Each structure stands twice: as structure tokens, then as C-alpha cells.
Amino acid sequence: MDFKKSVVYQIYPKSFCDSNGDGFGDLKGVTGKLDYLKELGVDYIWMTPFFVSPQNDNGYDVEDYYSIDPRYGTMEDFEELSREAKKRGIRLMLDMVFNHTSDRHEWFQKALAGDPKYKNFYIFKKGKANGEPPTNWESKFGGNAWKYVEKFDEYYLHLFDVSQPDLNWDNPEVRQELQKVIRFWMGKGVKGFRFDVVNLISKDKYEDDYEGDGRRFYTDGPRIHEYLQELNAATFGTDAEIITVGEMSSTSMENCYRYASEDGKELSMVFSFHHLKVDFVGNEKWVIVPYDFQKLKHILFDWQTHMTEHHAWNAVFWCNHDQPRVVSRFGDEGRYWKESAKMLGTVIHCLRGTPYIYQGEELGMTNPHFDQISQYKDVESLNHFRILQEKGLPESAVYEILKIHSRDNSRTPMQWDGGKYAGFSDAEPWISVNPNHVRINAESEMQDDDSIFRYYQKLIRLRKDYDVVAYGDLEPLDEKHPSVMAYRRTWKDQELLVISNFYGKEVTWDAGRGLDGYTRLLGNYEDSRLSGTKAELRPYEAVVLYKSL
Ligand code: NOJ
């Protein structure tokens, strides 16, 4: 299956579907929903980690890469899921968390017991003479990134939670162990891998950072391309059917040209996040500022055009389990909920790159606006609830920030129906259901020809039916327009115009070319108002026009 023509659907199993009534989603729950995914039309399912884990970071803290956490089911359940998915033409993509393990992993336990072989699997360093940690780097979840171990009078590095010690990739034995993990899952027929924060695995100098939080010393590090090429050659590179995506934290485009190069030496494609920092202040996400629409367009277009020039491939997306819901973020979850959700879907699915849909995005699921700390479950949110108050913010202000930026915004249970627990479970879920499930849910959307679900189906279909959607080059149009994002795609004799109004006000947009010769392929209103070179766009209107050259 050509990954350029494919669409990937991301499942956060903990919140997708609970088959055994414990309030916690599981693999059998996913298997039970395969027909739904088939109907949507996706080609791959990316499953976030379901390996044995203490769940301090919902599975991104892996204790055993080879076993299924009993909360999610058994290896038989996995095999059944894999078989049933295959029957429906859907392939599985697994999530490999290789920058760190859980502190409960056998390797780390042996390291703590003093076994030198395993100590060298991790990054232990002496503190400074003044008793401070080795460097001033900050953990991504808040606080210093080093944890003191009295027994050794040393610290270990954890770029994420204290229970997620970083692996030492400079040790060849570590790299070989991780290769074995990939080969094991390849042996189970897995045809896709997503690599978690994989551009952080090659650390550079262990020095204090006086300009930032330390990321420049460990992001896109000196041996990163060597490590990815080695992993590729030793594992998935031997099977042309396997696709891979790297999650690239604070990466540079120049590095992504190589990570996701067409030459196939490293990965098939990359996730980058710069377009999702347009409502931050610099790298600071715990703030409230309106999103910068000009910056959003500029970043998306920049990545589109330069990655194309360098023969590299993007994964394109708005949502995942770490991001707030896009309709709440760049759309209007109130009056123009449906229009804006469809418009945002149009923008992503017509870009050059492989689109990723995060569970519930195809229904227009929104942020839940939790306003009690007991409703928040994520380690990052819980840490910042404390840190922001320590910095002097009143509790009420902290809630306003969490409501916008918390990762829990996307982790509420999938809304299958309007029932008590949204059809996710018979028991109380591990995280509260969004009360709007009575209105926003799969059951009702599947009965409605005009629903967001039905529109996503059409978007997925477009990529299959028109090569220009998958392969075309992209030219930004009228890039500085204050409320419209428009672009032109071309491929052989096919041309596509994608025009989207990002605001709730009508606007007339001048395409600078006659629109008469185009056919309307899709739009989020019943009709389109085009005349001459002008498109009259209603609130959040999006339209996709096609011409055969
Ligand atoms: C990125 C994952 O998407 C996120 O959920 C996780 O917390 C970190 N990596 C650490 O593994």
C-alpha cells in the first residue's frame, strides 16, 4: 500500500473502547470497532503503547516491550486484532518508545542494583561540585531533568517524568536490544512503526544551557542520522511494506529532509510540531494567547514547499493524544462547530503528506473544559497545576490554562453514543466523559449524511480518487490574506484549488484566476458561491475545486 495514498487513524486504546467493563479501554474494544474504521476508510491504525507499563505516562513508560499490559488484554487479543484488521485491509502501526523506558524496566532495576552493564544502558552522571545536578536542563514535564541516586552519588537523566529514565543510545548494546524489539513485532506481522520523540536519542554535550531549557544539547543530536540508518538497515528496512513515522520534537527542517528522505535510508515520514506552537509564547505553552493565524499558514506552507523541494515526506495532522482538540483550538466549537471541524479537516487532508486522524476528530470532538483537578489525570497537567501556582498564578487562572492546553483535552473517552458513558464503557471511565457526548457521537453522525464523519469519509476518498491530492506539488496562494488559507496543488494534468475561511465572518476572496473552469469536488456548505475570479466564503467555509489541465 502506497503510504502517500494512505490515511492513518490514531487510537489511544485507554480511551477508545472498553470491552470488559473496567472503565479502561482495551484491545478487544478496538477489534470490536474495526468495522467502524473500515467504513471511515482508513488504511492504518497507529496504536499508542499497550505494553506492560506502570502507566505513569499512560504507557509511554514501558516496563516490557514484548508483553501486553493485562489492562489492555493478552497477546491472543493482539493477534486477533491484527488478523481482523488485515481481513478489512487495515494495517497496524505500533508505537516504539525508545528514548526512555519505565524505571520499572528490568534494565533499570538492574542498573539501580549496581550492575555496571545495565548502568551503562542509561545516562548516569556525577553532580556539580556545588551539589547541583549535572546540568540545568528541564524535564519536558516540569522541574530539573536529573534525579539523584544516593547509592551511587550520581544522577540519572530523565527528559520526561522521573519514572522515565533516558536510554544511552551511545551504547551499542542498547541499540541492539531495541532492534530485537522491532524484529519481534515484525515477526507478528506489524507493518508500521511510530517512533516516540526519536530525535532526542543522540545526546550531545552535557552542559548547562544559559539560553534555554537544554533542548539544544539533545535535539537532533550528532549521531541521530547514524542511529536511524542503523535501525532501519537492521530491522524495518528489510521489509518494503513497512512504513515508519518519527515523532520529531522541536526539530529543524534541515534534519527532517534527511529523516524523511525519499531515499528511504531513515524513516518514511515525520511529525513536526512547529505549526502547533502558534498559541504558545516561544516554547512556553502554559499561557493564554490567541493563536497566530499568519504564523500557522506560514509554517505549514514552509514545511510543505521545502520538504517537497528536498524530496522528503510529511505526516500531516492537527490532533493527537498530546494536543487539544482542533475544533476547540483553531475552529469554533459553538455556533460553527460543524462547519469549522469540516474546514479544518479539509485543510489537512488536501495538503501534501500522509494525513493522521486522531480518534474522535472525525466526529468533531471538543475539549471537555475540566475545572476540577480531580478530573485531570495527565502527569504533565498535574505537575503544572502545582508549578504554575508556585509561580504565583491563582488557581482559577491555572484552570483556564489547563482547559486550553492540557493533554487530557484529547484523552476523554471516545464518544460512541449518547448513553451514560458515551458507549465507551459500562463502568465509570478512568477519565470523565465529555458531557457533550449526548449531541456529539458516532451513532448519530453515522445516521446523518451531512455529518463531520461523512465529510471525513469523503476527504479520505479524495486522496484515493485523485492523484493530485497525494502527489501534487503545493503552491501557497495569497499567503498574507488575513482570514483565508488557500493553496494550489498540481500533478501531471490535474490541478486542485483548496480555499478555506478560518474565521466566523464572511469574506470575498479573489483567486486571481477565473474559477469557471473548475469543478467543485467538495465543500462544507451545500453549494459554493463563485463568480469570475471571486469566491464568496461564508463562516469557516472550505471548498475544494478541481480542473484537468
Ligand atoms: C511523546 C508522546 O506522544 C507523549 O504522550 C509522551 O508523554 C512523551 N513522548 C514521552 O514518551
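Residues numbered from 1 in each chain as written. Predicted model: local features only at pLDDT ≥ 70, side-chain atom pairs only at ≥ 80, totals over all residues. Heavy atoms only, no water.

Some remarks on the site of the ligand
Going by this rule: Put simply, a residue is near a molecule or strand once any heavy atom of it comes within 4 Å of that molecule or strand. As used in this structure description, the phrase polar contact means that two N or O atoms lie within 3.5 Å; if the pair is within protein, one of them must be able to donate a hydrogen and the other to accept it, and residues adjacent in sequence are counted only when both atoms belong to side chains. Using a 1.4 Å probe, accessible areas were evaluated by the Shrake-Rupley method; residue-level cover was limited to the displayed protein chains. Residue type decides the class: Asp, Glu, Lys and Arg count as charged, Ala, Val, Leu, Ile, Met, Phe, Trp, Tyr, Cys and Pro as nonpolar, and the leftover types, Gly among them, as polar.
Residues in close proximity to the ligand total 13 residues, the closest being D57, H100, D196, H321 and D322. With respect to the ligand, the side chain of R194 contributes an N or O atom lying 3.2 Å from an oxygen atom. Side-chain polar atom of R407 to an oxygen atom of the ligand: 3.0 Å apart, as the coordinates give it. The protein chains hide 98% of the 300 Å² of surface that the ligand would expose on its own. In the shell around the ligand, the residues fall into 4 nonpolar, 2 polar and 7 charged.

Description of the packing of aromatic side chains
Heads up, the condition is: Aromatic rings from Phe, Tyr and Trp, taking only the six-membered ring of Trp, are treated as a pair when their centres fall within 6.5 Å; an angle between ring planes under 30 degrees marks them as stacked, one over 60 as edge-to-face, and anything in between as tilted. Numbering of helices and strands runs from the N terminus; a helix is a DSSP stretch of H or I covering at least four residues, while a strand is a stretch of E covering at least two. By definition here, charges over rings are those cases where NZ of Lys or CZ of Arg is within 6 Å of the ring centre and within 35 degrees of the ring normal.
With the rule as written, the count across this model stands at 48 aromatic pairs. Consider the rings of F3 and W313, whose centres lie 6.4 Å apart with planes at 75°: the pair is edge-to-face. Of this pair, F3 sits in the segment before β1 (8-11) while W313 is found in the loop between α9 (293-309) and β12 (315-316), placing the two residues 310 residues apart along the sequence. Summarising the aromatic geometry, the rings of F385 and Y399 are spaced 5.3 Å apart at their centres and angled 45° between planes, so their arrangement reads as tilted. You can see F385 sitting in helix α12 (residues 379-390) and its partner Y399 sitting in helix α13 (residues 395-405), a full 14 residues away along the chain. Taken together through their ring pairs, the aromatic side chains of Y65, F98, W107, Y118, F121, F193, F195 and F236 make up a single cluster. Over the face of the ring belonging to W313 we find K4, whose NZ or CZ atom lies 4.7 Å from the ring centre. Over the ring of F124 we find K119; its NZ or CZ atom is 5.2 Å from the centre of that ring.

Focus: the sheet that holds strand β6 (residues 124-125)
Condition: Any two strands between which DSSP finds at least two bridges are classified as paired.
The antiparallel open sheet is built from 3 strands, whose spatial order is β6-β8-β7. Edge positions in the sheet fall to β6 and β7 (146-149), since each of these pairs with one other strand and no more. Strand direction decides the pairing type here: β6 and strand β8 (residues 154-157), joined by 2 bridges, are antiparallel. Bridge pairing in β8 links F124 to Y156.

Overview of helix α7 (residues 224-234)
The following threshold applies: When a residue's accessible area, from a 1.4 Å probe over protein chains only, is under 20% of the maximum for its type it is buried; when over 50% it is exposed; and in between it is partly exposed. Note: the arc covers the axis-to-C-beta directions of the helix. What makes two residues a contact is simply this: any of their non-hydrogen atoms within 4.5 Å.
All of the buried residues along α7 are I224, H225, Y227, L228, L231 and N232. Within α7, the buried residues cover an arc of 160° as seen down the axis, which keeps them to one side. Buried residues belonging to α7 abut α6 (172-187), β9 (192-195) and α8 (253-259).

Some words on the side chain of Q494
Inspection of the secondary structure assignment puts Q494 in strand β16 (residues 494-501). For Q494, the side chain forms a polar contact with the main-chain nitrogen of V468, separated by 2.9 Å. The contact partners of Q494, leaving out residues within four places of it in the chain, are Y466, D467, V468, R489, Y546, K547 and L549.

Thoughts on α9
Rules: Here, expected helix span is obtained from the residue count minus one, scaled by 1.5 Å.
End to end, α9 covers 24 Å across 17 residues, agreeing with the expected 24 Å (1.5 Å per residue, within 8%). F293, L296, K297, I299, L300, F301, W303, Q304, T305, M307 and T308 are the residues of α9 that are buried. Once α9 ends, the next one or two residues include H311, with phi positive near 55°.

Re the sheet that holds strand β19 (residues 529-531)
What counts here: The convention used is that axes are lines fitted to C-alpha atoms, helices contributing only their stretch in contact, and that angles between N-to-C directions extend from 0 to 180 degrees.
Here we have 3 strands laid out as an open sheet, ordered β17-β20-β19, and antiparallel in their pairing. Each having just a single partner strand, β17 (507-510) and β19 make up the two edges of the open sheet. In this sheet, neighbouring strand axes are inclined to one another by 20° on average, regardless of whether the strands run parallel or antiparallel.

As for unusual backbone geometry
Of note in the backbone geometry, Q55 takes a positive phi value of approximately 65° without being a glycine. For Q55, the position within the fold is in the loop between β3 (51-52) and β4 (64-68). For D220, which is not a glycine, the phi torsion comes out positive at approximately 50°. For D220, the location among the structural elements is in the loop between β9 and α7. The class for D220 is buried, based on a relative accessible area of 16%.

A word on the pattern of salt bridges
Note on pairing: side chains with opposite charge can pair once their charged atoms come close. To be explicit about the condition: Put simply, a salt bridge is a Lys or Arg side-chain nitrogen that is within 4 Å of an Asp or Glu carboxyl oxygen.
Tallied over the full model, the rule gives 50 salt bridges. In this structure, R104 and E63 form a salt bridge, with 3.5 Å as the shortest nitrogen-oxygen distance. One end of the pair, R104, is in the loop between β5 (91-96) and α4 (106-112); the other, E63, is in the loop between β3 and β4, and 41 residues separate them in sequence. Note that K128 and D208 form a salt bridge whose closest N and O atoms lie 2.7 Å from each other.

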